[in-house]
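Architecture and fold: a report
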There are 4 protein chains.
Amino acid sequence: LLSLSRSISQSSTDSYSSAASYTDSSDDETSPRDKQQKNSKGNADFCIKNIKQADFGRREIEIAEQEMPALMALRKRAQGEKPLAGAKIVGCTHITAQTAVLMETLSALGAQCRWAACNIYSTQNEVAAALAEGGFSVFAWKGESEDDFWWCIDRCVNVEGWQPNMILDDGGDLTHWIYKKYPNMFKKIKGIVEESVTGVHRLYQLSKAGKLCVPAMNVNDSVTKQKFDNLYCCRESILDGLKRTTDVMFGGKQVVVCGYGEVGKGCSAALKAMGSIVYVTEIDPICALQACMDGFRLVKLNEVIRQVDIVITCTGNKNVVVREYMDRMKNGCIVCNMGHSNTEIDVASLRTPELTWERVRSQVDHVIWPDGKRIVLLAEGRLLNLSCSTVPTFVLSITATTQALALIELYNAPEGRYKQDVYLLPKKMGMIALCCLSSIKRSVLCNKPSI
Amino acid sequence: LLSLSRSISQSSTDSYSSAASYTDSSDDETSPRDKQQKNSKGNADFCIKNIKQADFGRREIEIAEQEMPALMALRKRAQGEKPLAGAKIVGCTHITAQTAVLMETLSALGAQCRWAACNIYSTQNEVAAALAEGGFSVFAWKGESEDDFWWCIDRCVNVEGWQPNMILDDGGDLTHWIYKKYPNMFKKIKGIVEESVTGVHRLYQLSKAGKLCVPAMNVNDSVTKQKFDNLYCCRESILDGLKRTTDVMFGGKQVVVCGYGEVGKGCSAALKAMGSIVYVTEIDPICALQACMDGFRLVKLNEVIRQVDIVITCTGNKNVVVREYMDRMKNGCIVCNMGHSNTEIDVASLRTPELTWERVRSQVDHVIWPDGKRIVLLAEGRLLNLSCSTVPTFVLSITATTQALALIELYNAPEGRYKQDVYLLPKKMGMIALCCLSSIKRSVLCNKPSI
Amino acid sequence: LLSLSRSISQSSTDSYSSAASYTDSSDDETSPRDKQQKNSKGNADFCIKNIKQADFGRREIEIAEQEMPALMALRKRAQGEKPLAGAKIVGCTHITAQTAVLMETLSALGAQCRWAACNIYSTQNEVAAALAEGGFSVFAWKGESEDDFWWCIDRCVNVEGWQPNMILDDGGDLTHWIYKKYPNMFKKIKGIVEESVTGVHRLYQLSKAGKLCVPAMNVNDSVTKQKFDNLYCCRESILDGLKRTTDVMFGGKQVVVCGYGEVGKGCSAALKAMGSIVYVTEIDPICALQACMDGFRLVKLNEVIRQVDIVITCTGNKNVVVREYMDRMKNGCIVCNMGHSNTEIDVASLRTPELTWERVRSQVDHVIWPDGKRIVLLAEGRLLNLSCSTVPTFVLSITATTQALALIELYNAPEGRYKQDVYLLPKKMGMIALCCLSSIKRSVLCNKPSI
Amino acid sequence: LLSLSRSISQSSTDSYSSAASYTDSSDDETSPRDKQQKNSKGNADFCIKNIKQADFGRREIEIAEQEMPALMALRKRAQGEKPLAGAKIVGCTHITAQTAVLMETLSALGAQCRWAACNIYSTQNEVAAALAEGGFSVFAWKGESEDDFWWCIDRCVNVEGWQPNMILDDGGDLTHWIYKKYPNMFKKIKGIVEESVTGVHRLYQLSKAGKLCVPAMNVNDSVTKQKFDNLYCCRESILDGLKRTTDVMFGGKQVVVCGYGEVGKGCSAALKAMGSIVYVTEIDPICALQACMDGFRLVKLNEVIRQVDIVITCTGNKNVVVREYMDRMKNGCIVCNMGHSNTEIDVASLRTPELTWERVRSQVDHVIWPDGKRIVLLAEGRLLNLSCSTVPTFVLSITATTQALALIELYNAPEGRYKQDVYLLPKKMGMIALCCLSSIKRSVLCNKPSI
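Residues numbered from 1 in each chain as written. Chains lettered and ligands numbered in written order. Predicted model: local features only at pLDDT ≥ 70, side-chain atom pairs only at ≥ 80, totals over all residues. Heavy atoms only, no water.

1. Some words on the overall build of chain A
Scanning chain A from terminus to terminus reveals 18 helices and 15 strands. When each of the 451 residues of chain A is scored for burial, the buried share is 64%. Excluding contacts between residues fewer than 6 apart, the proportion of contacts in chain A whose partners are at least 24 apart in sequence is 70%. Total accessible area computed for chain A in this model is approximately 16,100 Å², and 50% of it derives from carbon and sulfur atoms. (Helix = DSSP H or I, 4+ residues; strand = E, 2+ residues; numbered from the N terminus. Buried < 20%, exposed > 50% of the residue type's maximum accessible area, 1.4 Å probe, protein only. Contact = heavy atoms within 4.5 Å. Areas by Shrake-Rupley, 256 points an atom, 1.4 Å probe, with all protein chains shown as cover.)

2. Looking at the sheet that holds strand β8 (residues 277–281) of chain D
Sheet strands pair via backbone hydrogen bonds, and the direction of the pair is either parallel or antiparallel. On the basis of which strands lie adjacent, the open sheet formed by eight strands has the order β9-β8-β7-β10-β11-β14-β13-β12 (chain D) and mixed pairing. Each having just a single partner strand, β9 (297–298) and β12 (356–361) of chain D make up the two edges of the open sheet. Here two bridges tie strand β11 (residues 334–337) of chain D to strand β14 (residues 374–378) of chain D, and the two strands are oriented parallel to one another. Across the sheet, Val-335 of chain D pairs through a bridge with Leu-377 of chain D, a residue of β14 of chain D. Across the sheet, helix α3 (residues 54–66) of chain B touches β12, β13 (364–368) and β14 of chain D, and the angle it forms with β12 of chain D is around 95°. (Pairing = 2+ DSSP bridges. Axes fitted to C-alpha atoms, helices over the stretch in contact; angles between N-to-C directions.)

3. Overview of the UniProt feature "binding site: substrate" (unreviewed entry) in chain A
If you check UniProt for "binding site: substrate" (unreviewed entry), the listed places come out as Thr-96, Asp-170, Glu-195, Lys-225 and Asp-229 of chain A in our numbering. Along the chain, the position of Thr-96 of chain A falls in the loop between β1 (88–93) and α5 (97–108). (UniProt positions renumbered as here; feature names shortened; annotations may be inferred.)

4. So, the packing of aromatic side chains
In the structure shown here, the tally under the stated rule is 24 aromatic pairs over all chains. Cluster of aromatic residues (ring-pair linked, three or more members): Phe-149, Trp-150 and Trp-177 of chain A. In this arrangement the basic side chain of Lys-272 of chain B is found over the ring face of Phe-296 of chain B, its NZ or CZ atom lying 4.8 Å from the centre. (Phe/Tyr/Trp six-rings, centres within 6.5 Å; stacked < 30°, edge-to-face > 60°. Lys NZ or Arg CZ within 6 Å of the ring centre and 35° of its normal.)

5. Some words on the environment of Leu-106 of chain D
Residue and element names in this part refer to chain D. Among the secondary structure elements, Leu-106 is positioned in helix α5 (residues 97–108). Overall, Leu-106 belongs to the buried group, its relative accessible area being 0%. Residues in contact with Leu-106, not counting those within four places in the same chain, are Leu-84, Ile-89, Ala-111, Cys-113, Trp-115, Ala-404 and Leu-407.

6. A few points about the environment of Lys-35 of chain B
All names here are of chain B. Tracing the backbone through its elements, the reader meets Lys-35 in the loop between α2 (18–25) and α3. Along the sequence, Lys-35 and Ile-48 sit 13 residues apart, while their C-alpha atoms lie 8.9 Å from each other. One polar contact links the side chain of Lys-35 to the main-chain carbonyl oxygen of Lys-49, over a distance of 2.6 Å. (Polar contact = N/O pair within 3.5 Å; in protein donor to acceptor, adjacent residues only side chain to side chain.)

7. Thoughts on the packing of helix α3 (residues 54–66) of chain D against α5 of chain D
Residues and elements named next belong to chain D. Relative orientation of the contacting elements α3 and α5 amounts to 80°, with a least axis distance of 8 Å. The orientation of α3 with respect to α5, classified from their angle, is roughly perpendicular. Packed against α3, whose contacting residues are Arg-58, Glu-60, Ile-61, Ala-64 and Glu-65, the element α5 presents Ala-97, Gln-98, Ala-100, Val-101 and Glu-104 at the interface. (Parallel < 35°, antiparallel > 145°, perpendicular 65-115°, else oblique.)

8. A short note on the pairing of strand β1 (residues 88–93) of chain B
Residue and element names in this part refer to chain B. Counting buried positions along β1 gives five out of six residues, so the element sits mostly inside the fold. In this sheet, strand β2 (residues 112–117) lies alongside β1 in parallel orientation, the contact comprising six bridges. Within β2, the position partnered with Thr-93 by the bridge is Ala-117. One crossover worth recording links β1 to the parallel β2 by way of helix α5 (residues 97–108), and it is right-handed. Bridge count between β1 and strand β4 (residues 166–169): four bridges; the pairing is parallel. In the sheet register, Val-90 faces β4, and the bridge partner there is Ile-167. (Right-handed = clockwise from strand over helix to strand, strands pointing away.)

9. Remarks on the pattern of salt bridges
Residues and elements named next belong to chain A. Following the criterion strictly, the structure yields 84 salt bridges over all chains and no others. Across the pair Arg-244 and Asp-240 runs a salt bridge, and its minimum N-O distance is 2.8 Å. With Arg-244 and Asp-240 both in helix α10 (residues 223–246) and four residues apart, the pair spans about one turn of that helix. Note on Arg-244: relative accessible area 13%, which makes it buried. What you see here is one network of salt bridges that share partners, running through Arg-351, Arg-359, Asp-365, Glu-380 and Arg-382. (Salt bridge = Lys/Arg side-chain N within 4 Å of Asp/Glu carboxyl O.)

10. A word on the pairing of strand β11 (residues 334–337) of chain C
Residues and elements named next belong to chain C. The two faces of β11 match: Ile-334 and Cys-336 on one face and Val-335 and Asn-337 on the other face are all buried. Of the strand pairs in this sheet, strand β10 (residues 310–313) and β11 are connected by four bridges, and their pairing is parallel. Counterpart to Val-311 in the pairing with β11 is Val-335. Assessed by its sense of winding, the connection that carries the chain from β10 through helix α14 (residues 323–328) to β11 is right-handed.

11. A word on the sheet that holds β10 of chain C
Here we have eight strands laid out as an open sheet, ordered β9-β8-β7-β10-β11-β14-β13-β12 (chain C), and mixed in their pairing. The strands lining the two open edges of the sheet, one partner per strand, are β9 (297–298) and β12 (356–361) of chain C. Where strand β7 (residues 254–258) of chain C and β10 of chain C come together, four bridges link them in parallel fashion. Looking at the pairing, Val-257 of chain C lines up with Ile-312 of chain C of β10 of chain C. Lying over the sheet, helix α3 (residues 54–66) of chain A contacts β12, β13 (364–368) and β14 (374–378) of chain C, oriented at roughly 95° with respect to β12 of chain C.

12. Describing the side chain of Glu-344 of chain A
Residue and element names in this part refer to chain A. Relative to the helices and strands, Glu-344 is located in the loop between β11 (334–337) and β12 (356–361). No salt bridge forms around the buried Glu-344; measuring N to O, its nearest opposite-charge neighbour Lys-318 is 12 Å away. A polar contact is formed between the side chain of Glu-344 and the backbone nitrogen of Gly-316, at a distance of 2.5 Å. The contacts of Glu-344, once residues within four sequence positions are left out, are Thr-313, Cys-314, Thr-315, Gly-316, Asn-317, Asn-319, Val-320, Val-321, Asn-337 and Gly-339. (Lys, Arg positive; Asp, Glu negative; His and termini not counted.)

13. Some points on the confidence of the model for chain A
For chain A, per-residue confidence averages 84 on the pLDDT scale, and residues scoring 70 or more make up 84% of the total. Interface predicted TM-score (ipTM) for the complex: 0.73; the corresponding pTM is 0.78. (pLDDT = per-residue confidence, 0-100.)

14. What to know about the state of the cysteines
Applying the stated rule across the entire model yields zero disulfides over all chains. Free cysteine: Cys-267 of chain A, not disulfide-bonded; nearest cysteine sulfur from Cys-314 of chain A at 4.6 Å. When its relative accessible area of 0% is taken as the criterion, Cys-267 of chain A is described as buried. For Cys-118 of chain B, which is in no disulfide, the shortest distance to another cysteine sulfur is to Cys-92 of chain B and amounts to 5.5 Å. Judged by relative accessible area, Cys-118 of chain B falls into the buried class, the value being 2%. (Disulfide = S-S within 2.5 Å.)

15. As for helix α12 (residues 285–293) of chain C
Residues and elements named next belong to chain C. In terms of burial, α12 is a largely internal element, nine of the nine residues being buried. A distance of 2.9 Å separates the backbone nitrogen of Cys-287 from a side-chain oxygen at the start of α12, and that oxygen is part of Asp-284. Immediately downstream of α12, the backbone of Gly-295 shows phi near 90°, a positive value.

16. A closer look at unusual backbone geometry
Located in the positive-phi region is Ala-379 of chain A, a residue other than glycine, with phi close to 55°. When you line up the elements, Ala-379 of chain A lands in the loop between β14 (374–378) and α15 (384–388). Look at Gln-363 of chain D: it is not a glycine, yet its phi comes out positive at around 70°.

17. Points about the side chain of Lys-243 of chain C
Inspection of the secondary structure puts Lys-243 of chain C in helix α10 (residues 223–246). Of note is the side chain of Lys-243 of chain C, whose polar atom sits 2.6 Å from the side chain of Glu-236 of chain A.

Here you go:
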């Protein structure tokens, strides 16, 4: 039920918040649910790991603010108008510094917020502490059990004297819970903003079945997100993910990139720029010809599988790298996945008695053949960029800005503009998101066309 | 009425067919219409400059064949079937070596062809000679008068005992002529294949007015053409066009590219790769952010106009580079246009008494200010890549293959599949065109998906 | 006295050996000098943090072996000959997994080894444990005091019944100690191999003063090291260092690189490839013209200091980024050093009362101006790539192979070939080092010229 | 005896000076030696093709001045001092627009000049006309016989009442002539400036034999020339040369570059940037590892010879591409040379009865095998960039500035500073040359170091 696929892994988080994490590891093992904590103003309407980490968290939030100029600009502009005055938003997303910047922006725009985590591992405890200290009702910690997960969600919505009128969801679990437990709540809800592929899929199913009872906004498929999450973000995160896990030098390495969509284009360009020799596999003729024209040798995987040092999948298909190929890889070959699914590499086929698995570092397994050959499998075939690198704040900034604009749009839309259906963010709003991104760009873009 | 915008200029052609051109220059001035010429088999059903140039032209055609593997492959495959058996095609296109490869392919597939030029300047006389020598009824020469132009078209269609059943047009003039003079001919015509923007526009107007009386295929907007003519072709032709006209060294030069669509992307990438410092102007926020993320500094034109060495327009808009900007350019600044229209640079504004124009080479003017400052204007603001470089045969190959496939499709379509409307080439046919492009790609693409 | 400048910082190491480090943090605080430890074979001739970490260390060594094919190849070839049979090597270097591969190679070639650390922080405790478990006499741990440091060196050389005949040094401290305490030892010593700039400098001084009493080999200035440590290594480590510390997105960022030597070339190329807009400052005209021709805008620092997002120094000079410039940087500007010295950024000038320093992460300080503006200072102006990224094993492999070849050369040189002077590694040996690097390259390079 | 290797071919010149060339072709066939011509001031001390072409030539010179800012700056500065006052320079170089800018600069600095061509084909007749019209004693035309060649040189030096005191030579023929015919002239000659490899080689031989009787300056090996003529110039001219001769599209093509020195680096980088897939052959291990780290696959030529579309030699060795390889190339493969010698491609081996040669364009031969396969051989294996592209004025500007500075240095050196030996240009002068290159760079470089 849990959408683990988007989880920002424990390890990647660790390396960024060392101070906080060290504190964590010496922490007592008491469940947050069994603790009594209050913030410095005496407020106790939250449930997090340790309120004492608030200072660490505040610093992380301040750092994040530096790279989220769009939200900061939204805050400033709205000091007069408060376009979310009266909004009661219940949210269920990853709880990170960037989310905190979003929540504090929503609050500055007039909204009240209650928040749970959409993933049992992805909460940054110190950020949750900073939010609790700042007066937000946050129910989340790193390492929740499944029971904890639903308990937290329930604590967000099942409150005496407070009823949400907007939902911000990432994965659809919050929406699902309200449908199941408190269907009447939808009477007051003006709309749902949904972030993830999975959640959007559920909404379309509800809509098709005639059961969607409020308008919903799909912010996953917005132009900005697609373009930036994929091409530009992957161009950087493939390098980052590989370096952090394997410390490999890229120069002179032979790499095969499976698939030449936006993700494959980003990965190929980045590795080529670092001096790798990159081969591409592709079955779509347009993408294949693009790979050719971009200077990549188009191959079938089996032609190069014996010679490459790194294999990267980004096709969106299943079983692209099968056991037979892995049997033929050379010693030390690194195998990882940048595609959407975690089934591009047939990891299951490696769980056979004759192969030995050795966990050498967090997110890094050596799979060892009887003759001693080992391949280096990253993140067990899950998404490398989410598991082993960080998503740049700048990209998260686009996402968060888009979410904020979607909430404002749905909350303020005149009765009847949106029906009980799933909508894409109006293109105009996407433009605004882009224009907000930074002061340099704003000056260039938002004036009259001047060329 | 003539679509001069697509003309391949005399000068660019000259540099490629020096032998033939030298012959030309010593040629007598008699109009081809006043000459009596026969080919070596006694056939006289053509009108061209000089049948004696046939050998030169044959060589040019053979060179072109090397880079047109798709058409050559089509020829081979069709040796049995003859999918154009019975087709009587009247064509009106640029008459170049690549067109000759197309015509000889159509013939190999079973068609009979009669051909005129779509532009009064773009005919390669020696190629026309080779076609005439090979038995094709060609009516075209370089430097036709307007009267010649229509006379040639008329000679193609107005023949005793022969009536076309297919039209291949580039610019719509042939179609227009038949509509005007021989409307009854459409009874036997199975379809029109149209190459140019202008021609397609005319067809849509006819269709809208209910006057289109046969199906038409728009091959201008095919995926393959858009992608390749623009991005990949311009990436090479911007360098070629600038070098041939100005001999400028790119390394270290400051360049501003106006517009970051496909053409702008290609120009910017090429010049960056050669060591130029490239600035981009753009008003569309998505394209602007792409420029940013690709590492180009986004500017307004007036910010950099004083310092740049080269200005390239590719916006598709009018008056992007106005007189005021040209007044402020530095001495020696090169100004050229890669966009669709010839109005991006306000050339008219330079035709004032205080400025002196000096033609320093073919396609290159120095415009000189009273204080001695001169700017270097290329092709009088017309398309640089058509005027001052050559279009790679490989790209023309895609176009020609697409045209051939469109003719086959329309000619063989079962009654009723296509109505009296304008169609895009079915995507499947585009795929085939791509798959035909070369043996390497074919082996990779046309088998079962293998990744 | 300690050459701290080359230290691989604690933090960067942490992130790579999380398992081991976690154990560390829970470790007792007893000094290793006060502990009694034996390896599994009963050997106690070592002094390290914790012999129980040997398994973790072995795994790190095995991973390192994968990227050190040259040393592994040397091992194999020497199984018959043992070119270091009889060699007694005392070493003083960073104790890392790569050093362990070197030591085990030297041992396989016939040498006996005793080893200390050349830096009080850089020892990987678990690697030291694995070496001790494998029978090496290692005296080193992370976090030595200065007294510990010299005690460890002394334990390596001051042994009953064992006297070194070869020295491998990195920084010159070991050599210095023997000169000072055991000068007679030089009678049996055949040569010194020295890695660092500092150590080489000391050797030249000794040589000039007529006090160098054995031949010495300078492996710092070998062609291979210069080319690879600088250009190729920095191209990757600038990205890695910036990402790990700041998580910044490179696309669209404005960056100024101060200095366009090999390091500057690597940094500029990498950031340009990731979509940054890169400016370069340079005073040498040759390098400046190279920057121009490579497409970078040549500027003075003060022209761009207000607008850039990242400032990187790699000039080798002092006070390149002075307080005045930092006063004018924009909020959030990242400042770091990739040059040789740690004085390129005038960090001292930032330690004034009106500025607040905030340590936000390991190696990352925010320096905050009275008006709230903050700049992000990395590694306190020390070398970013050593402090905040890892040096790729592949590069260390070149260094280690060069050291091994230098030891073999000096140890086996016929009497009289090398005088009491400082030598560069013969070019032939550098070639061999390169040829050993990998099997692909070997097949291409080491056969007869074939082109 | 003639140094044909540096000749700028007729064809490449043609395409750039069409107006003038057209005039040529209609020219009478009288030898210039048999004509009586005077310039508009009645001066007849010159011998050129046609004084009437002076206006065309002046225009070419003015265009060249735009890209030769360094010489123009030298002119301005020297308006007061005249550092060449009293200098009588006899020169023997290619006579092009760029040389004209040099000569007019020398004149502005106070020198008198007499000039001949160093190559029988490379003279631009219209430029020679402009110089003659301007009062220079020029003896040169395109298409001299060998007898004409020596006659022209003799006319420069054998003058009543004028004796040279400086020599500027390119190839050593002028120097050779004076040695042979007028050895006494050397008594008054202060020095020789020599441009070419061949000429420098001759000077070293004279010096070794004790026969060099004046100081000589080798400007061929200056840092600036090496760096720019090779790397940056070739990066552009490989593309230009291939396009002009073959019109090939680079995107997706497979290319092998033989040799990875400066020339190979430039060619490889340019083609990679245009989307070609580039393989490299190299036997020097340092260069080979650079190729690897730059992302090129290192191969032996025979591994890829069957599959590549383009073969480029730049090794400096003989017989790199032998007949055996050409036998195995695929149909349409393009073969060309960018290296120093014209023996890298074994062209002689192609002159056998079973192969047919077909000249398809100027500088382009098809060599046809009995089975119909044809390879496309460019410039008969001579230097592609000199034969088939133009050398950018900017690069020639560096050369010309260096020559001017060398003349000034030698002419003004105090007695005794230079002996009867061959010298390199002092590094300081190289710096000045670079600093002069353009106003942008000057402002950055020539002020106090500022970083």
